[in-house]
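Here is what each chain is made of, one letter per residue.
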Amino acid sequence: MKKTFLLLAFTLLLTIFTCACNSEKSVVLFNKHSFTPETITSNSNTNVFRPGDKINYLITLPKPVQSKLLLIQIVKVGGDKQERLGYELVWGKTVKIRDEQVYYYTNYIVLNQTGAYIMKVYSRDNPTKLLTSAYFYVRN
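Here the structure is a predicted model, which means the values were calculated and not measured.

S.K.: Is there a simple way to think about the side chain of serine 123 in this case?
M.R.: Here serine 123 lies in strand E7 (residues 115-123). A polar contact of 3.0 Å, which involves the side chain of serine 123, links it to the backbone nitrogen of aspartate 125. Excluding residues within four positions of it along the chain, serine 123 makes contact with Val65, Leu69, Leu70, Leu71 and Leu131.

Written out as C-alpha cells, the structure reads:
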C-alpha cells in the first residue's frame, strides 16, 4: 500500500514537471541604445536610467494583434523618495503596429522626473486584459 502511494505520488510529480508548456508571453525590454540584433542580447539592456536619458523599449508579441493597435501606459509608482504609496498616470499612447512589425513594437521615451515606473501594454482587441508590464527606474 505504501509503495503504491509513493509510486502514484512520484508519477504525478514527474508528470507535472515534465509536461511541455507552450505558452509564450509578451515581454518588454529596455535599453539605453536603439534596438538592433546585437543590442537585444547585449549587456546594455537595463531598467535603470538617469533623468533625461533616452529610454528605448521593445515590446514583443507572441501572436499578432488583429486590430494592429496597442495601448501603452506609463504609470509612476509612489512618491519621489519612497517609491511606493500611490499611482500616477504619466504617459499614455495608442500606437499602430506596421505590417512588417506584427510581432514587435519599438520606440523610445524621455522622462525627466526620478522615480519608479511601470510600463503597461494592452491590445486594442481586449483593452481590459494586460498583455505585459515591466518596471523601470529613473534615478540620479
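From this point, the narrative continues.
S.K.: Could you clarify how one ought to interpret the environment of glycine 92 in this entry?
M.R.: Relative to the helices and strands, glycine 92 is located in strand E5 (residues 87-96). When its relative accessible area of 48% is taken as the criterion, glycine 92 is described as partly exposed. The spatial distance from the C-alpha of glycine 92 to the C-alpha of isoleucine 74 is 6.2 Å, given a sequence separation of 18 residues. When neighbours within four sequence positions are excluded, glycine 92 is seen to be in contact with Ile72 and Gln73.

S.K.: I would appreciate a short explanation of the pattern of salt bridges in the present structure.
M.R.: Two side chains that carry opposite charge are able to pair once their charged atoms sit near each other. This model, assessed by the stated rule, comprises 1 salt bridge. Between lysine 68 and aspartate 99 there is a salt bridge; the shortest N-O distance is 2.4 Å. In this pair, lysine 68 sits in the loop between strand E3 (54-60) and strand E4 (69-77) while aspartate 99 sits in the loop between E5 and strand E6 (104-110), placing the two residues 31 residues apart along the sequence. When its relative accessible area of 59% is taken as the criterion, aspartate 99 is described as exposed.

S.K.: So what exactly am I meant to see when it comes to the packing of aromatic side chains here?
M.R.: We describe a pair of aromatic rings using the distance from one ring centre to the other and the angle between the two ring planes. This model, assessed by the stated rule, comprises 4 aromatic pairs. Seen in terms of ring centroids, phenylalanine 30 and phenylalanine 49 are 6.5 Å apart; in terms of plane orientation they differ by 75°. Their pairing is edge-to-face. Taken together, the residues span a long stretch of sequence, with phenylalanine 30 in strand E1 (residues 27-31) and phenylalanine 49 in strand E2 (residues 48-49) at a distance of 19 residues. Residue classification places phenylalanine 30 among the buried positions, given a relative accessible area of 5%. The class of phenylalanine 49 is buried, set by a relative accessible area of 1%. Where tyrosine 57 meets tyrosine 105, the ring centres are 6.4 Å apart and the plane angle is 45°; that geometry is what we call tilted. Of this pair, tyrosine 57 sits in strand E3 while tyrosine 105 sits in strand E6, placing them 48 residues apart in sequence.

Cut-offs and rules
- Residues numbered from 1 in each chain as written.
- Predicted model: local features only at pLDDT ≥ 70, side-chain atom pairs only at ≥ 80, totals over all residues.
- Heavy atoms only, no water.
- Helix = DSSP H or I, 4+ residues; strand = E, 2+ residues; numbered from the N terminus.
- Polar contact = N/O pair within 3.5 Å; in protein donor to acceptor, adjacent residues only side chain to side chain.
- Contact = heavy atoms within 4.5 Å.
- Buried < 20%, exposed > 50% of the residue type's maximum accessible area, 1.4 Å probe, protein only.
- Salt bridge = Lys/Arg side-chain N within 4 Å of Asp/Glu carboxyl O.
- Phe/Tyr/Trp six-rings, centres within 6.5 Å; stacked < 30°, edge-to-face > 60°.

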